[in-house]
Amino acid sequence: MIIAGNWKMNLTRPEAVRLVKAATMAGARMEQGGIVLFPPAILIDTAISALAGDNAVAIGGQDCHARTMGAHTGDIAAPMLAEAGCTWVLLGHSERRAEHHETSAVIAAKAEAALSAGLKVMICVGESLEQRESGAAEAVIAAQLRDSLPAGIAAAPLAIAYEPIWAIGTGKVAERADIAAMHDHIAAVLVGINADYASVPILYGGSVNAANAREILALDGVGGVLVGSASLQPDAFGSIIEAAL
Ligand code: PGA
């Protein structure tokens with residue numbers, strides 16, 4: 001089980017420290033690296049210092065560039081994240097796909113850079129409401145997976161987060177049956193790409209909170225959750241971690 005918190009563009013340093021402490025306390029019984037926090041880049045150092053060596057919690061960047069260095073104002077290279085102590089990077093979040101016009105090909109290039117830097121990558125996929133209502137969700141997700149995964153990479157450093165766009169930050173969680181069905185579909189697509197991908201964890205994300213986490217985590221094929229807003233509240237995030245124990 002992976003319980004991941006995506007802080008997005010939120011939190012001050014003291015708030016970040018409080019959240020890391022809450023996560024390490026709640027995660028005391030979790031496996032090493034079972035909790036992954038994605039702070040904004042400027043809070044990565046603060047988060048890593050606040051861990052004080054705890055190894056249940058891993059830290060990741062929210063994005064990285066496809067190049068290792070150079071003239072890319074405002075961007076962060078994967079080796080910089082690794083040097084700062086990150087072990088993960090989140091790629092292809094729907095907010096990046098929408099706000100930064102990132103295509104799946106761009107995400108695959110970033111994933112390749114991240115893997116070369118020794119980072120694990122959590123690649124997000126998700127359909128829009130229109131795509132779901134028109135019956136295109138499965139095809140959209142299959143295409144996003146095929147195009148966002150660089151060719152020939154190993155299963156070990158990889159996780160997929162299924163986040164229906166209409167469920168992110170809206171309080172609308174996908175129907176349990178739809179989550180389970182999409183996770184089955186994603187697992188089948190992954191195995192079709194590479195038989196080793198049967199072991200890749202598939203997380204659900206989209207309005208996960210302290211009240212619904214247990215039920216979502218119990219669904220077949222759900223290997224964890226990627227939490228946005230509720231990951232900003234120490235108590236709520238602590239309860240979500242407890243739900244995974
Ligand atoms: P949410 O965000 O939990 O606020 O819906 C999830 C995400 O975007 O990763």
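That block above? That's the structure.
Heads up: these notes are all about the structure in this document. Along each chain, residue indices are assigned from 1 in the same order as the chain's sequence is written. Local features in a predicted model are, by the rule used here, given only for residues with pLDDT of at least 70; side-chain atom pairs are given and counted only at 80 or more, and totals for whole chains, interfaces and linings are based on all residues. In computing side-chain properties, one takes all heavy atoms of the structure into account and sets aside hydrogens as well as water.

1. Considerations on helix 5 (residues 104-116)
Over its 13 residues, helix 5 runs 18 Å from end to end, which matches the ideal 18 Å to within 8%, given 1.5 Å per residue. Relative accessibility decides the category of a residue: with a 1.4 Å probe and only protein chains considered, values under 20% of the type maximum give buried, values over 50% give exposed, and everything between is partly exposed. A run of H or I in DSSP counts as a helix once it spans at least four residues, and a run of E counts as a strand once it spans at least two, with each numbered from the N terminus. Within helix 5, burial applies to Ser 104, Ile 107, Ala 108, Lys 110, Ala 111, Ala 113 and Ala 114. Those residues of helix 5 that are buried are in contact with helix 3 (78-84), strand 4 (88-91), helix 4 (94-99), strand 5 (120-125) and helix 7 (137-148). Of the residues flanking the end of helix 5, it is Gly 118, one or two places downstream, whose phi is positive at about 90 degrees. Residue count minus one, scaled by 1.5 Å, sets the expected span of a helix. A contact between two residues is defined here by any heavy atoms of the two lying within 4.5 Å.

2. Quick word on the site of the ligand
Proximity is defined per residue: any heavy atom of the residue falling within 4 Å of a molecule or strand makes that residue near it. Around the ligand, the surrounding shell holds 13 residues, and the nearest of these are Lys 8, His 93, Glu 163, Gly 169 and Ser 229. At 2.6 Å, a backbone N or O of Gly 169 approaches an oxygen atom of the ligand. Here a polar contact is recorded for every N or O atom pair within 3.5 Å, except that within protein the pair must consist of a potential hydrogen donor and a potential acceptor, and residues adjacent in sequence are included only if both atoms are side-chain atoms. One of the backbone N or O atoms of Gly 228 is found 2.8 Å from an oxygen atom in the ligand. Burial of the ligand by the surrounding chains reaches 98%, relative to a free accessible area of 280 Å². A breakdown of the residues in the shell around the ligand according to their chemical character gives four nonpolar, seven polar and two charged. Here, Shrake-Rupley sampling with a 1.4 Å probe gives the accessible areas, and only protein chains in the shown set may cover a residue. Only Asp, Glu, Lys and Arg are considered charged, only Ala, Val, Leu, Ile, Met, Phe, Trp, Tyr, Cys and Pro nonpolar, and every remaining residue, Gly among them, polar.

From the geometry alone we can't say anything about function, so treat these as descriptive.
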